[in-house]
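Descriptive analysis of the structure
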Amino acid sequence: MNKTSFLKAITISIRTLQVKFLGALCSIVIFAGACSDPSEIGLVLDPGSNQIGVFYEEIPLSSLLVLEDSFNTTNQSRMVVGGDHSDLFGTTESIAYSRLSFNPDGVLPEDDAIFDSAIFNFNIVDLIADDFEEEKEFKVHRLLEAIEDTTYYSFSSLDYEENVALAEGAFVLQADTVNQVRMDLNPDFAAELFGKLTTQDPVFDNIFAFREYFPGIVIKGDPAQNTSISLAIGGGTGITMYYHYEDDTVSTAYPINTIQSRHFNQVISNRQGTATEQIVEKDVAYDIEGDKVGVKAGLGLKMKLDMSPLHEFLDTLENVTFNQILLEVGPVDEYPEGKNPYGALVMYFATDGGEYYRRFDGVKVAVQGENNTHTGLDVDGNVVPLTGNQNGLAYNSETRVYANQITSYVNAMYRSGLVKTDLFLYPNTPSTESGVVSFDAFKRSLKEFVVDKDNIKVKVYYSKIR
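What counts and what doesn't
Residues numbered from 1 in each chain as written. Predicted model: local features only at pLDDT ≥ 70, side-chain atom pairs only at ≥ 80, totals over all residues. Heavy atoms only, no water. Helix = DSSP H or I, 4+ residues; strand = E, 2+ residues; numbered from the N terminus. Buried < 20%, exposed > 50% of the residue type's maximum accessible area, 1.4 Å probe, protein only. Contact = heavy atoms within 4.5 Å. Areas by Shrake-Rupley, 256 points an atom, 1.4 Å probe, with all protein chains shown as cover. Salt bridge = Lys/Arg side-chain N within 4 Å of Asp/Glu carboxyl O. Patch = residues over 30% accessible without salt bridge, like charges linked within 9 Å, V, L, I, M, F, W, Y side chains within 5 Å. Lys, Arg positive; Asp, Glu negative; His and termini not counted. Charge placed at Lys NZ, Arg CZ, Asp CG, Glu CD. Core = buried A, V, L, I, M, F, W, Y, C linked by side-chain atoms within 4.5 Å.

From N to C terminus, the protein includes 5 helices and 25 strands. Counting all 466 residues of the protein, 50% fall into the buried class. Summarising the internal contacts of the protein: among those between residues at least 6 apart in sequence, 79% fall at separations of at least 24. Looking at the protein as shown, the accessible area adds up to about 22,100 Å², and 47% of this sits on carbon and sulfur atoms.

Bringing the pattern of salt bridges into the picture now. Per the counting criterion, the structure on display carries 15 salt bridges. Residue Asp440 is joined to Lys443 by a salt bridge in which the shortest nitrogen-to-oxygen separation is 3.8 Å.

Position of Asn382 among the secondary structure elements: in the loop between strand S19 (375-377) and strand S20 (383-385). With a relative accessible area of 40%, Asn382 lands in the partly exposed category. Between the C-alpha atom of Asn382 and that of Gly417, which follows or precedes it by 35 residues, the distance is 9.7 Å. With near-sequence residues (within four places) excluded, Asn382 lies in contact with Gly376 and Leu377.

This brings us to a negative patch on the surface. A surface patch of like charges, here negative, comprises Asp131, Glu133, Glu134, Glu135, Glu137, Glu168 and Asp222. On the accessibility criterion, Glu134 (32% relative accessible area) is partly exposed.

Our next topic: the nonpolar core. Met303, Leu310, Phe322, Tyr402, Tyr409, Val410 and Val458 are the most contacted members of the largest nonpolar core, which totals 64 residues. The leading source of residues in this core is strand S18 (residues 344-350), at 6 residues. Here Tyr409 is in contact with Phe349, Val367, His374, Leu418, Thr421 and Leu423, once residues within four sequence places are set aside. Membership of the second largest hydrophobic core comes to 42 residues, among which are Phe120, Phe122, Phe194 and Tyr213.

Quick look at the structure:
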C-alpha cells in the first residue's frame, strides 16, 4: 500500500468511528430525553462532515372543558342509575327510564294459577362506588307518561309516581363483577298485575295495549352514597312473576322485562361552588379556574386540548424527520378502588370554539391509528382527512397516564397538508369500522378522571438534516 492509499484508509476509519459514536450518543439522547434545548442535543464531532442532529422538544398544552350539546342517551343498551359527588364536578345524578315488554305469543297463566312471588331483577354490568361494605339503595317507580318513539337527551325527563315505589331494596355490591340482584315487587302492584295475567286481560293482547296500561319504569339511586350502576337492557333487568298450579312442584316464571325496550338516561348536575360552575353554555370551551381539569361521562363534559403550541412549533421546522411523537395526559389524580377511569380516549378534531370539526360530508374526524394514512383527496383534488381507523390514548393503570404515539398524525400535518385543529379527548372505544361505534361508552356510565393542567404535553423526538 502506498502512502496516499494508507492516509485515505485512516481518514475513512476515523470518520466511520465518528458516525458510530454519534449514533450511540443519539440513542442515549432519544431514550433519556435529557435536554429540551435542540442546540445542546447532537454533538458535532466534525462540523464539516456531520450532517445530522438529534433533538427533543417537550410542548405543554393548554386544556379547556366543553359541555356537549344534544347529548343523546337514547337506546345505549345501558340504564345508568345513581350518582356521586366530587370537588371538580359537584353532584351528579343519573335517572333511568325504560319501557317494559313481554312475549305476545307466550302462554299466560290460567285463572286457576296460584301466585308464588313477584320480583324485580337488576343485571348490573358496571359499578362505580365507594365503600363496598355499605349497602346501596335503589328504587323502581311507575312512569305516568309514555316513552315516545323519539330521541331523548341527558336533559330529558318524564313524569312518574314519586311517592310509591314498585320495588325497592338495599344491597352489598361487589367490584369488578356482574352483580345480579332482586327485590320484591310491591304487593299491591303484584296482585294487580297477576290478576290481569290470569284473567287474560286485553292489556296483554299486544305490546301497545300493555304500554297504555303500563307506560314503563323509572329507576333511581341515592347520589349521597357515591354509587352509580349500569344496568344491561334485556331479560336480566325487569319483572318476573312466579306461579304454579295445584299439582306442580316447581314454579313457572312469566317475564316482563326490558328486552328490546326503548330507554334513556336523564343526568342532573349541580356544580355550584366548584370550578366547573361557570360552564353553563353548551359547545363552548371554558378555561376554568384552578389547576385541575377533567372528564365526566354521562354528563357529557369533555376535555379540549389547545394544539396551537404544537402547530406553531411545526411551522419553525425545516428538513426534519420525526422519530417519535407522544401525547401524554397524566398522571391523573388518585382514585379509590371501584372508580377506575375509562381505558381509552378518542382524539376527535375540534373547531376553534367548542364543536366537532366535520369533514366536507359532515363526518366527524378523529386522529387515525399509528402508521395509517391520514389524508386523501376529494373529487376536486383537495386534501381531506380520512376516517375509519381511530386512534386512542390508552390508559396505564400503574402509571395513571393516558398516552399514545401520534407520529403519523403529526407527519400528516407537517408533510401532507392535514388540517390543523384542536383535539377533543372523548372517552370511548376506538373503532376500526368507518368511525362508527355501535354504543357510546361516554353515555353508559358516570366515570370520570381529574388531572393537573400541567400534566398534559406532547413529546417530540426528531432528527434534522443540516
